[in-house]
Amino acid sequence: MADSSFDIVSKLDRQEVDNALGQTAREVATRFDFKGTNATIEWSGEKVIEISASADDRASAVLDVFKTKLVKRDVSLKVLDASEPRQSGQLSKITINLKEGISSEDAKKISKLIRDEGPKGVKAQIQGEELRVSSKKRDDLQAVIALVKGQDLDFPVQFVNYR
């Protein structure tokens, strides 16, 4: 019988992030406490979002609204890498980088975790920005999924191609 396998990936649903950004921009434009603060949130490249406002606390408030919208859309906040508010002329700006993919160090960490704590006979191979886990028994693979989900990793993980 052939080995069963699945992939551990860290993907970002850009459409959901874009929808959350649009909702945040609309809310910031209409909310009373943002009137006159020149608060904006917009894309600044493929994986970068920029928030600007007249004061640090207003920029942080826009970031909180954005985080709330992401949570409502089931996007993990672990994809965000937000900078501290910084002054730029009269505006205060926050740059948010979106993280996607599993770095080689993180992949090695997960692979070591699976080897050390996972069931015997489970193999993990690093393939670019994803990790392929294979075993003869499907029950072992489900145990590995539970093990990885139980860890507090600093990036979101999804399990795909389960066969």
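Anything mentioned here points back to the structure above.
Every value quoted in this text rests on a predicted model; they were computed, and no experiment measured them. (Residues numbered from 1 in each chain as written. Predicted model: local features only at pLDDT ≥ 70, side-chain atom pairs only at ≥ 80, totals over all residues. Heavy atoms only, no water.)

Enquirer: Can you walk me through the sheet that holds strand E9 (residues 158-160) in this structure?
Expert: Within a sheet, each strand pairs with its neighbour through backbone hydrogen bonds, oriented either parallel or antiparallel. Across the sheet, four strands lie side by side as E7-E8-E1-E9; this open sheet has antiparallel pairing. Two strands in the sheet have a free side with no partner beyond their single neighbour: strand E7 (123-127) and E9. Put simply, the sheet's adjacent strands are angled 25° from each other on average, direction ignored. Note that strand E1 (residues 4-9) and E9 share three bridges and pair antiparallel. (Pairing = 2+ DSSP bridges. Helix = DSSP H or I, 4+ residues; strand = E, 2+ residues; numbered from the N terminus. Axes fitted to C-alpha atoms, helices over the stretch in contact; angles between N-to-C directions.)

Enquirer: Just to check I follow, could you spell out the packing of helix H1 (residues 14-30) against helix H2 (residues 56-72) for this structure?
Expert: Packed helices, taken two at a time, are described by the angle between their axes plus the distance between the axes. Relative to each other, H1 and H2 sit at 135°, their axes nearing to 9 Å. Relative to H2, the element H1 lies oblique. Crossing of H1 against H2: the hand is right-handed. Seen from H1, the contacting residues are Val17, Ala20, Leu21, Gln23, Thr24, Glu27 and Val28; seen from H2, they are Val62, Val65, Phe66, Lys69 and Leu70. By residue class, the composition of the contact of H1 with H2 is eight nonpolar, two polar and two charged. (Parallel < 35°, antiparallel > 145°, perpendicular 65-115°, else oblique. Left-handed = near helix turned anticlockwise from the far one by under 90°. Contact = heavy atoms within 4.5 Å. Nonpolar A, V, L, I, M, F, W, Y, C, P; charged D, E, K, R; others polar.)

Enquirer: I would appreciate a short explanation of the packing of aromatic side chains in the present structure.
Expert: The description of an aromatic ring pair uses the distance of the two centres, along with the angle that the planes make with each other. If you walk through the whole model with that rule in mind, you get two aromatic pairs. When the centroid spacing of 5.8 Å and the interplanar angle of 70° are considered together, the rings of Phe6 and Phe159 count as edge-to-face. One end of the pair, Phe6, is in strand E1; the other, Phe159, is in strand E9, with 153 residues separating them in the sequence. For Phe6, a relative accessible area of 0% gives the class buried. Between Phe6 and Tyr162 the ring centres are 6.2 Å apart and the planes differ by 35°, which places this aromatic pair in the tilted class. A residue pair is termed long-range when its members are at least 10 positions apart, and Phe6 in strand E1 and Tyr162 in the segment after E9 qualify at 156 residues. In this structure, Arg14 is placed above the aromatic ring of Trp43, and the distance from its NZ or CZ to the ring centre is 3.9 Å. (Phe/Tyr/Trp six-rings, centres within 6.5 Å; stacked < 30°, edge-to-face > 60°. Buried < 20%, exposed > 50% of the residue type's maximum accessible area, 1.4 Å probe, protein only. Lys NZ or Arg CZ within 6 Å of the ring centre and 35° of its normal.)

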